Amino acid sequence: MEAEGGVGGRGSEEAPPWAVRVRRSDGTIAGSGVLVAPEWVLTHAGAVVEGEYVTAEFAAPRVASRRAVAEHVCAAGAGGVALLRLHRPGPAGAASAPHRLSVPRRRVRIYGFPAADGAGQWLAAETGAVAVGADGRVRLAPAERFDAGFGGAGAVDAVTGQIVGVVLPGDTGADRAGPCLSPAETVAGHLPRAADWTRGWPAVDERLRVGGPAPGGHVADGDDPGGPEPAAYEPQFAVRLAQWFVGDPRGERHPDHHADRAGPGARTPAGPPAAQHHRVRTARRPGDGRQVKISRVRAEDLLRAATLRRALLLADRERSGPAGASAPGPVKGAWANGSPAAQVAAPVATPVTAPAPARGPVRGPATEPATAPGFLDLALDATGRGTRWVAERVADRLGVLPEGLEEFGGTGYDATVERILAAPATLTLVVVGVDEAADPDTLLGLLDRLRLHGVRMLLVFRHDGACIARAQSQLVIEPAQERQARLVEALTEITGTLADALHERMAVVRADCDRALDALVRAYAVRAAMAGALGVATGRGEHPDLGRFERVAARAERHLREAVERLDPLIERRAELIGRLDSYQVLHQQAVDSEDLAAEDRYGAARDLLHARPCDLVAAEAAVREYTDFIDRLGGHHPPPDDAPSSDDAPPTDRPPTDGPDQEGGEPRP
């Protein structure tokens, strides 16, 4: 249906039929809205209050406006969205359903109503790579000025033309001081009624939902997973999952496959993590394997499997909201920061806080660590499934399968992968049962290409063996070593070529280079550290904080180059002063018959300052100026300007001079 695709989503400037201007009873504009069902309009909570009557004006021409009432309004800190019920259904076929798609780094187009009257307008924007709210909302970067009339408008994917969410205007708080996109799943999580209108596959595979089967159990697609959920959890594993989802480096330093949770070498994180939601970064650096986490959940380990499914629940934008939290059974379980609904209701991103985990299982939800909602785009169970199926689900989530999975049989696997790699958007992906896939080697090849594209991945294996060893080597160790090599190469240049260039120039002229020297000292320290234990740890795939070292190297390179660029003009100025001083001295000596001690003293003082190493250019320039001014006062000759022609190059003339002195310096001719 045309409306399902979002009219105007692929570059058309026409007004989409689902676009609505929301006008209050006093005639002021409350914002924009989306006709998501014949009798329902989706907008932002700041436009209305519960029970308020407003007017919904459709963008389509010759369509009468509708009276509407606000029936479901979520507070700004608890979703910030609202539903308006129309007294009469909207235009036939105009409703458009939001689609579940990944949201990081996605180009969108927004149709809003910045003016009180007349047609609306399209506004291009791009979503950020980092969730900025506790429910998975992301920052919007508009290409032009963002007006309040765009609040509540539908955001249309620029590639597929599908509505991917609703725009929330900027809040006054520092954490969300700007427009945000509330994805379709987040809206469905806050408004249970909206789940019936939302299209697309859920983020979490049916097999991985809470209450699903034990690891390794097979459930046909579409079947109710059902089954009991253990009332205990593994705290160490839960903390590391929470750390990884929010981007805490400690979640990456402790690979869960190196030792069993109860084994003699089990790692225990030191103290509670203190990660904030804004720490997540979707890596776009080719060859960087730090966004990959590898874990092992054995088929018989029901406790760890339950912990993993709980983490996926709270990382899912849709199921972590009130709609998911109100579901029967184990979905109701509360975590350390309260229920999922309470987390979503928080006005800012909830930090992951948990007590220091104890060994062994812990029963009861009182101290269970929480995974931040909104950081998961897709979670798949690859057990028994082919690589093409995984690629199709990823492509569908990115929005690069125009016909949908059910009609995708005519296109090959290679074309699917090319669509994925060509998409500007990215996602956070969880793949469970990698080593039990139909073709694990081919799947690892796909995952490696996704890593290069910038996809954050949590890969879960069932067994020890060659498959998990290859994944660790190909996806983590080798990229870490390549990243380390690039860092060492940069440090070598900084402490070698750039440092030599800086020292050579600093030996010539004196200038304030303290910032560059401090940065160089830190670069030397990082280089020494990388040559020691930290370098060895990187080679094993146990990532130190390379990001901090890379920032140190980048700052050092920037400060050194800035210092070199600042010193070069000073050196050129010193050379100019030397030439000027020597020129004045030669001309003065030619103009006088005897030695001038006063002039020689001034010349010597200026010469000594110019040839001192390093040269104090300010004092030297003042001394040169004093000498040249002294010569000028004595009636000396100025040196000719650089662009003046010499007497030998002057063009001949047949006319005798009339007003100037003669060649012998006599009186002017009459």
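Look up: the structure comes first, before these words.
Overview of the structure. (Residues numbered from 1 in each chain as written. Predicted model: local features only at pLDDT ≥ 70, side-chain atom pairs only at ≥ 80, totals over all residues. Heavy atoms only, no water.)

Time to look at the packing of aromatic side chains. Taken as a whole, this structure holds six aromatic pairs when the rule is applied. Seen from their ring centres, Tyr-111 and Phe-113 are 5.6 Å apart, and the 85° between their planes marks the pair as edge-to-face. Relative to Trp-122, the ring of Tyr-111 has its centre 5.1 Å away and its plane inclined at 70°; by these criteria the two rings are edge-to-face. Of this pair, Tyr-111 sits in strand β7 (residues 107-112) while Trp-122 is found in strand β8 (residues 121-131), placing the two residues eleven residues apart along the sequence. (Phe/Tyr/Trp six-rings, centres within 6.5 Å; stacked < 30°, edge-to-face > 60°. Helix = DSSP H or I, 4+ residues; strand = E, 2+ residues; numbered from the N terminus.)

Here Arg-296 is to be found in strand β14 (residues 292-296). Overall, Arg-296 belongs to the buried group, its relative accessible area being 6%. Residues Arg-296 and Gly-433, 137 residues apart in the sequence, show an inter-C-alpha distance of 9.1 Å. (Buried < 20%, exposed > 50% of the residue type's maximum accessible area, 1.4 Å probe, protein only.)

The next point concerns helix α5 (residues 302-315). Relative to the 20 Å expected for 14 residues at 1.5 Å per residue, α5 spans 20 Å between its end C-alpha atoms, a close match to the ideal helical length. With 13 of 14 residues buried, α5 lies mostly within the body of the structure. (Expected span 1.5 Å × (residues − 1).)

A word on the sheet that holds strand β16 (residues 378-381). Spatial strand order, β14-β18-β17-β16: four strands in an open sheet with parallel pairing. A single partner strand is all that each edge strand has here, and the edge strands are β14 and β16. Within the sheet, the average angular offset between the axes of one strand and its neighbour, ignoring direction, is 15°. As defined by bridge partners, strand β17 (residues 428-432) adjoins strand β18 (residues 456-461) across five bridges and the pair is classed as parallel. (Pairing = 2+ DSSP bridges. Axes fitted to C-alpha atoms, helices over the stretch in contact; angles between N-to-C directions.)

Along an α-helix, a turn takes 3.6 residues, which lines up residues three or four apart on a common side. Between the first and last C-alpha of helix α16 (residues 617-633) there are 24 Å, a value that for 17 residues agrees with the 24 Å anticipated at 1.5 Å per step. Buried positions along α16 lie against α14 (546-591) and α15 (597-611). Downstream of α16 by a residue or two, Gly-635 has a phi angle that is positive, lying close to 85°. (Contact = heavy atoms within 4.5 Å.)

Attention now goes to the nonpolar core. One finds Ile-494, Leu-502 and Leu-610 to be the most contacted residues of the largest nonpolar core, which totals 41 residues. Of all the secondary structure elements, the ones that give two or more residues to this core are α11 (466-506), α12 (514-530), α14, α15 and α16. The dominant element in this core, judged by the number of residues it contributes, is α14, at 13 residues. If we ignore the near neighbours within four places in the chain, the residues touching Leu-502 are Cys-513, Ala-516, Leu-517, Leu-560, Ala-563, Val-564 and Leu-567. The next biggest cluster of nonpolar side chains, apart from the first, holds 39 residues, and it includes Trp-18, Ala-56, Leu-86 and Trp-122. (Core = buried A, V, L, I, M, F, W, Y, C linked by side-chain atoms within 4.5 Å.)

Within this structure, the stated rule accounts for 28 salt bridges. Measuring nitrogen to oxygen at the nearest pair gives 2.8 Å for the salt bridge that ties Glu-71 to Arg-85. On the criterion of sequence distance, the pair formed by Glu-71 in strand β5 (residues 66-73) and Arg-85 in strand β6 (residues 81-86) is long-range, its members being 14 residues apart. Given the relative accessible area of 27%, Glu-71 is considered partly exposed. (Salt bridge = Lys/Arg side-chain N within 4 Å of Asp/Glu carboxyl O.)

For the rest of this paragraph, the subject is the sheet that holds strand β1 (residues 19-23). Spatial ordering of the closed barrel is given by β1-β2-β3-β6-β5-β4, a layout of six strands whose pairing is antiparallel. On average, each strand axis in the sheet is tilted by 40° relative to the strand beside it, whichever way the strands run. Bridge analysis of strand β4 (residues 53-58) against β5 gives four bridges, and the strand direction is antiparallel. Bridge assignment links Ala-56 to a residue of β5, and that residue is Arg-66.

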